[in-house]
Amino acid sequence: MSRLIVISNRVSAPKAKSAAGAQGGLAVALTAALRENRGIWFGWSGNECEKFEGKLDMERHDGVTTATIDLERQDIDEYYNGYANRTLWPLFHYRIDLAEYERTFGSGYERVNEIFAETVAPLIEPDDLIWVHDYHMLPLGKMLRDRGVKNRIGFFLHIPWPPTRLFVSLPYHERLVRTLLEYDVIGFQTNEWLESFLHYVEKELGGTVDEDGWIEFEGRRCCAKAFPIGIDFDEFTEAAEGETAAEANRQLSRSTLGKKVIIGVDRLDYSKGVEERFQGYERFLENNPEQADHVVLLQIAPPSRGEVHTYQEIRERLETLAGHINGAHADVDWVPIRYVNQGYPRPALAGFYRASRIALITPLRDGMNLVAKEYVAAQDPEDPGVLILSRFAGAAQQLTEALLINPYSTDEISEAISQALAMPREERIRRWEANYANVRDEDVIWWRKNFVTALKGE
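This section reports on the structure supplied with the text.

Focus on the overall build of the protein chain
- Scanning the protein chain from N- to C-terminus turns up 17 helices and 16 strands.
- The C-alpha radius of gyration computed for the protein chain amounts to 22 Å, which stays within 12% of the reference 23 Å derived for 458 residues, consistent with globular compactness.
- Over its C-alpha atoms, taken along the principal directions, the protein chain stretches across nearly 70 × 50 × 45 Å.
- The buried share of the protein chain, taken over its 458 residues, is 59%.

Below, the structure is given as structure tokens:
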């Protein structure tokens, strides 16, 4: 049986089954695949070294081999903080105004991908399947091909792919897409991102695309498809029934004194639409003064990418906005927004989700958004909450019974909150059951099996 070689920017060391909820669904799915296929997970350790000299740290955790390297400070600054997170991330999330095009960023990105290719190539055996993940590694397939790797190599993009008219603003955009066409399978979260990529291939490169997503370009043939990712349904629902979740549920219910909780859980990022969420919630408070002190918005926003100045600025703006809303609307026994800058274990989040009447998820652009799916999975079947979801999240194409809103419209957000609070139990159950079926049936294991099957050419 072929081994599976997973390559990603960071490696998540597998945890024992008893540590359920301690790692994300992607890590769980990849770990399961690696166990089944005797595979290796290769990537950056997250650590810094004085000078990279090819050192590879290989360990075995709970049946899975991990292989990691450290990176030099300059590489981290240019490849990760620079090109990945200050050039590609904003551009791919349609924020061309925030994208920074520094030549040193591009050089660092190419250099680190070369380091990855040079280090991982000797580990690859002739029958191995290779699965590369996300925007940090776009050119890696080409670099492996340059080193004589003839194996089947797949790539999956976890974030959106921008429309052609935006993507062409990236210097050397054609060279980057040409490297992608060296993969055998290219996966996207949704048909929308897939169509944007295929449009670029046809209009800018002159490639041909058939109705099944097969691309022919300069004598090479590869396949591009949508593979919407899901959560680890079994693991998450099990965690939602555990004592940690139950205690989190009780804690939130006690502290809110019977008020209806609206929850948002997001990594601190401008793509998540948290500012727009706060503004829409404030509009609801203004338009519905009779309901205002019966609800509370709990926003959990763990910091991220603290070395990138844009993320420092978004944190400052959110703190200012939350303070303004609380100052304008709070009473002695009620604060409308609880804004928390820390993360929680996934079982605790499951308890918070179940205690919340509404999930307010308003990304301006999102590859998928698994928080929406986790919220659905955590609900009480007899009395489920309501999911309010941005139509610009990839999950909106699957969770069609959510209340879909335009996050740029404060009125739409306000009206959706009112509709959700007034929604009869029968309608809440009907909508939840439809969304729940999708979350259950198209989970992360389903996603992983579909991609690996395509990579095998079956």
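Here's the deal with the sheet that holds strand β9 (residues 214-217)
- Spatially, β3-β4-β2-β1-β5-β6-β7-β10-β9-β8 is the arrangement adopted by the 10 strands of the open sheet, whose pairing is mixed. Either end of the sheet is taken by a strand with one partner, and the two such strands are β3 (57-61) and β8 (208-209).
- Across five bridges, β3 lies against strand β4 (residues 64-72) in antiparallel orientation. The residue bridging H61 from the neighbouring strand is V64, located in β4.

Things to note about the environment of P139
- Within the secondary structure, P139 is located in the loop between β5 (129-133) and α4 (140-146).
- A residue is classified by how much of its surface remains accessible, and P139, at 2% relative accessible area, is buried.
- In sequence terms P139 and Y183 are 44 residues apart; their C-alpha atoms lie 9.4 Å from each other.
- If we skip the residues at most four places from it in the chain, P139 touches Y109, N113, T179 and Y183.

Comments concerning the pairing of strand β15 (residues 386-390)
- Of all five residues in β15, five are buried, a share of seventy percent or more.
- By the bridge criterion, four bridges tie strand β14 (residues 358-361) to β15 in an arrangement that is parallel. The residue of β15 that forms the bridge with L360 is I388.
- For the crossover that starts at β14, traverses helix α14 (residues 370-378) and ends in the parallel β15, the hand is right-handed.
- Where β15 and strand β16 (residues 403-405) come together, three bridges link them in parallel fashion.

Things to note about the packing of aromatic side chains
- A complete count under the given rule lists 27 aromatic pairs for this structure.
- Residues F167 and Y200 carry aromatic rings whose centres are separated by 5.3 Å and whose planes lie at 90° to one another, so their mutual orientation is edge-to-face. Pair noted here: F167 is in helix α5 (residues 164-167) and Y200 is in helix α7 (residues 191-205), with a separation of 33 residues, a long-range link.
- Of note, R175 hangs over the ring of Y172, and the distance from its end group to the ring centre comes to 4.9 Å.

Some thoughts on unusual backbone geometry
- For Y172, which is not a glycine, the phi torsion comes out positive at approximately 60°.
- For Y172, the position within the fold is in the loop between α5 and α6 (173-180).
- The phi angle at L257 is positive, at roughly 55°, despite the residue not being glycine.
- Tracing the sequence through the fold places L257 in the loop between α9 (243-255) and β11 (260-265).
- Owing to a relative accessible area of 65%, L257 belongs among the exposed residues under this scheme.

A short note on the packing of helix α2 (residues 73-92) against helix α3 (residues 103-120)
- Running from N to C, α2 and α3 cross one another at 115°; their axes reach a closest spacing of 8 Å. Of the possible angle classes, the one that applies to α2 and α3 is roughly perpendicular. Judged by the twist between their axes, the crossing of α2 over α3 is left-handed. Contacts from Q74, D75, E78, Y79, G82, Y83, R86, T87 and L88 of α2 reach α3 at T104, F105, G106, G108, Y109, R111, V112, N113 and I115.

Notes on the packing of helix α8 (residues 233-240) against α14
- Packing of α8 against α14 leaves a shortest axis separation of 9 Å and a crossing angle of 55°. By the criterion of interaxial angle, the relationship of α8 to α14 is oblique. The crossing of α8 and α14 is right-handed. Facing F233, F236, T237 and A240 of α8, the residues of α14 in contact are E374, A377 and A378.
- For the contact of α8 with α14, the residue count by class is five nonpolar, one polar and one charged.

Parameters and conventions
- Residues numbered from 1 in each chain as written.
- Predicted model: local features only at pLDDT ≥ 70, side-chain atom pairs only at ≥ 80, totals over all residues.
- Heavy atoms only, no water.
- Helix = DSSP H or I, 4+ residues; strand = E, 2+ residues; numbered from the N terminus.
- Rg over C-alpha atoms; globule rule 2.2 N^0.38 Å.
- Buried < 20%, exposed > 50% of the residue type's maximum accessible area, 1.4 Å probe, protein only.
- Pairing = 2+ DSSP bridges.
- Contact = heavy atoms within 4.5 Å.
- Right-handed = clockwise from strand over helix to strand, strands pointing away.
- Phe/Tyr/Trp six-rings, centres within 6.5 Å; stacked < 30°, edge-to-face > 60°.
- Lys NZ or Arg CZ within 6 Å of the ring centre and 35° of its normal.
- Axes fitted to C-alpha atoms, helices over the stretch in contact; angles between N-to-C directions.
- Parallel < 35°, antiparallel > 145°, perpendicular 65-115°, else oblique.
- Left-handed = near helix turned anticlockwise from the far one by under 90°.
- Nonpolar A, V, L, I, M, F, W, Y, C, P; charged D, E, K, R; others polar.

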